[in-house]
Amino acid sequence: MTQELRRFKAAIFQGLAHPTRIAIVEALAERELPAGKLIEKLELEQANASQHLAVLRARQVVVNRKEGNQVYYSLRDPVLKEILALLREYFYSQLSESATLLKEIKKK
């Protein structure tokens, strides 16, 4: 694997490396949403949402399209839904192991 490819991968992960951006991606995994509905659904400030959406666009995680005066956002590639599902499984596994360890520590 080349350094350039590693940098590309890192840039995508950096784009996802914020709880608000993860929430945006999870919301868009369900369906395309207009910016206003996305902001309302996630209870974000407009300026804050705009900054995070700009990062996600720059990292090519989301795309947007204009329809009239509305801007709609969607995931650039549906495979991101699968990646989120895999990460959810990974996190669940990690948390389950931690919970088991904590139970064992508590018994001692």
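Quick summary incoming for the structure in this document. This structure is a prediction, so every number in the text was calculated from the model and none was measured.

A look at the pattern of salt bridges
A full pass over the atoms with the stated rule returns three salt bridges. Two residues, K41 and E30, come together in a salt bridge whose shortest N-O distance is 2.7 Å. Remark: E30 occurs in helix α2 (residues 19–30) and K41 occurs in helix α3 (residues 35–42); sequence separation between them is 11 residues. Relative accessible area serves as the criterion here: at 52%, E30 is assigned to the exposed category. When salt bridges with common partners are traced through the structure, they connect E32, R65 and E67 into a single cluster.

With respect to unusual backbone geometry
In this structure, E43 is a non-glycine residue whose phi angle is positive, near 55 degrees. Within the element layout of this structure, E43 appears in the loop between α3 and α4 (46–58). One non-glycine residue, Q60, lies in the positive phi region at around 60 degrees. By relative accessible area, which is 44% here, Q60 ends up partly exposed.

Quick look at α3
A35, L38 and I39 are the residues of α3 that are buried. When α3 is viewed along its axis, its buried side chains cluster within an angular range of 95 degrees and face the same direction. The secondary structure elements touched by the buried residues of α3 are α2, β1 (33–34), α4 and β3 (70–75). Immediately downstream of α3, the backbone of E43 shows phi near 55 degrees, a positive value.

Description of the pairing of strand β2 (residues 62–67)
As judged from the six bridges shared by β2 and β3, these two strands associate in the antiparallel manner. Of the residues in β3, the one forming a bridge with N64 is Y73. Between β2 and β3, which pair antiparallel and follow one another directly, the connecting turn spans two residues, one of which, G68, has a positive phi of 65 degrees.

Things to note about the sheet that holds β3
Taken in spatial order, the three strands make up an open sheet running β1-β3-β2, and their pairing is antiparallel. What marks the edges here is a single partner per strand, and that holds for β1 and β2. α2 rests against β1, β2 and β3 of the sheet, and its axis sits at about 90 degrees to β3. Sheet strands touched by α4: β2 and β3. Its angle to β2, the strand with the most contacts, is close to 115 degrees.

Comments concerning the layout of surface pockets
Rolled over the atoms, a probe as big as a water molecule pinpoints where empty space is left. Taken as a whole, the largest pocket encloses approximately 300 Å³ of empty space. I12, L16, V61, L80 and I83 are the residues nearest the centre of the largest pocket, which is lined by 16 residues in total. Looking at the lining of the largest pocket, the elements that each hand over two or more residues are α1 (3–16) and α5 (79–107). The wall of the second largest pocket is formed by F13, L16, I22, V25, E26, L84, L87, R88 and F91. The set of elements that each furnish at least two residues to the lining of the second largest pocket consists of α1, α2 and α5. Sorting elements by how many residues they give to the lining of the second largest pocket places α5 first, with four residues. In the lining of the second largest pocket, the residues fall into seven nonpolar, no polar and two charged.

Here is what the cut-offs are and how they apply
- Residues numbered from 1 in each chain as written.
- Predicted model: local features only at pLDDT ≥ 70, side-chain atom pairs only at ≥ 80, totals over all residues.
- Heavy atoms only, no water.
- Salt bridge = Lys/Arg side-chain N within 4 Å of Asp/Glu carboxyl O.
- Helix = DSSP H or I, 4+ residues; strand = E, 2+ residues; numbered from the N terminus.
- Buried < 20%, exposed > 50% of the residue type's maximum accessible area, 1.4 Å probe, protein only.
- Arc of directions from axis to C-beta.
- Contact = heavy atoms within 4.5 Å.
- Pairing = 2+ DSSP bridges.
- Axes fitted to C-alpha atoms, helices over the stretch in contact; angles between N-to-C directions.
- 1 Å grid on protein atoms, 1.4 Å probe; cavity = no way out; pocket = protein on both sides within 12 Å on 5 of 7 lines; lining within 4 Å.
- Points joined across faces, edges and corners; volume = space filled by probe spheres on them.
- Nonpolar A, V, L, I, M, F, W, Y, C, P; charged D, E, K, R; others polar.

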